[in-house]
Amino acid sequence: MSIPATEVEARWNAAAEPFTAVVREVRDWDAATPCEGWDALDLLDHVIAGQRDFAARQGREVPLFDGSRQQLATQWAKHAAAMSALAGDEEFILRPMKTALGEIPVGEALIRFHAFDLIVHRWDLARSQGVDAQFTDAEMDCVEESLELFGDAAYTPGILGEPVPVADDADRQTRLLGRLGRRG
């Protein structure tokens, strides 16, 4: 495992906590996101469904927390707590699984695919609310490492849009957003 098991929970929470902070600030769940055809609620549903499916394929259940649109932040917080518990479960994160990257431990897949998703979609969700979220260096490292591992497969339809050109003197986040098919 290139990500030590002892780091999985901390790295997971480092991606989930800022996402949670943005979810708490959403006031318009119908607002369009930079993800074509998705509003803020679609994006949150995508994140939750993807994580629940991931856990289920590994024999674990993450409950679906029902409630109204006014309770979405609470629903997300409950979901995030359940995912954090899984990220701290050594038996779960050390289990091998087959992925597009080959066989890797579940914990590595959780970070490479789903923490990546949380970081990128935090920016998307913030933008839907008119906020310009900033990535930390550690977040950009995580996303860049994953992009390198994904290679050209990252640009398969339905995953990332085609890279967007950026100015030669663009800052690191703007360059990264361009690689992700987003305009900074």
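All values reported here derive from a predicted model rather than from experimental measurement.

Trainee: How would you explain the packing of helix 2 (residues 40–57) against helix 5 (residues 106–128) if you had to name every residue and give the values?
Mentor: Axis separation between helix 2 and helix 5 bottoms out at 10 Å; the angle between their running directions is 175°. Regarding the angle of helix 2 to helix 5, the classification is roughly antiparallel. Contact with helix 2, carried on its side by Ala40, Leu43, His46, Val47, Gly50, Gln51 and Phe54, involves Val106, Ala109, Leu110, His114, Asp117, Leu118, His121, Asp124, Leu125 and Ser128 of helix 5 and no other residues of that element. Of the residues contributing to the contact of helix 2 with helix 5, the split by class is nine nonpolar, six polar and two charged.

Trainee: Give a description of the packing of aromatic side chains that names residues and reports values.
Mentor: Counted under the stated rule, the structure contains four aromatic pairs. On the numbers, 5.3 Å between centres and 75° between planes, the contact of phenylalanine 116 with phenylalanine 150 is edge-to-face. Remark: phenylalanine 150 occurs in helix 6 (residues 137–150) and phenylalanine 116 occurs in helix 5; sequence separation between them is 34 residues. Taken individually, phenylalanine 116 and phenylalanine 150 each receive the classification buried, so the pair is uniform in this respect. The structure contains a cluster of three or more aromatic residues connected by ring pairs, namely Phe113, Phe116 and Phe150.

Trainee: Break down the pattern of salt bridges for me, citing the residues and quoting the values.
Mentor: What the rule picks out here adds up to 15 salt bridges. Salt-bridge contacts for arginine 95 lead to glutamate 91; the nearest nitrogen and oxygen are separated by 2.8 Å. Under the relative-accessibility criterion, arginine 95 is labelled partly exposed at 23%. On the basis of relative accessible area, glutamate 91 is assigned to the partly exposed category, the value being 46%. For glutamate 108, the salt bridge is made with arginine 112, and the minimal N-O distance between the two is 3.4 Å. Taken together, the positions of glutamate 108 and arginine 112, both in helix 5 and four residues apart, correspond to about one turn of that helix. With respect to burial, glutamate 108 and arginine 112 carry one shared label: buried. Ionic contacts of the salt-bridge type, sharing partners, join the residues Arg11, Glu108, Arg112 and Glu145 into one network.

Basis of the calculations
Residues numbered from 1 in each chain as written. Predicted model: local features only at pLDDT ≥ 70, side-chain atom pairs only at ≥ 80, totals over all residues. Heavy atoms only, no water. Axes fitted to C-alpha atoms, helices over the stretch in contact; angles between N-to-C directions. Helix = DSSP H or I, 4+ residues; strand = E, 2+ residues; numbered from the N terminus. Parallel < 35°, antiparallel > 145°, perpendicular 65-115°, else oblique. Contact = heavy atoms within 4.5 Å. Nonpolar A, V, L, I, M, F, W, Y, C, P; charged D, E, K, R; others polar. Phe/Tyr/Trp six-rings, centres within 6.5 Å; stacked < 30°, edge-to-face > 60°. Buried < 20%, exposed > 50% of the residue type's maximum accessible area, 1.4 Å probe, protein only. Salt bridge = Lys/Arg side-chain N within 4 Å of Asp/Glu carboxyl O.

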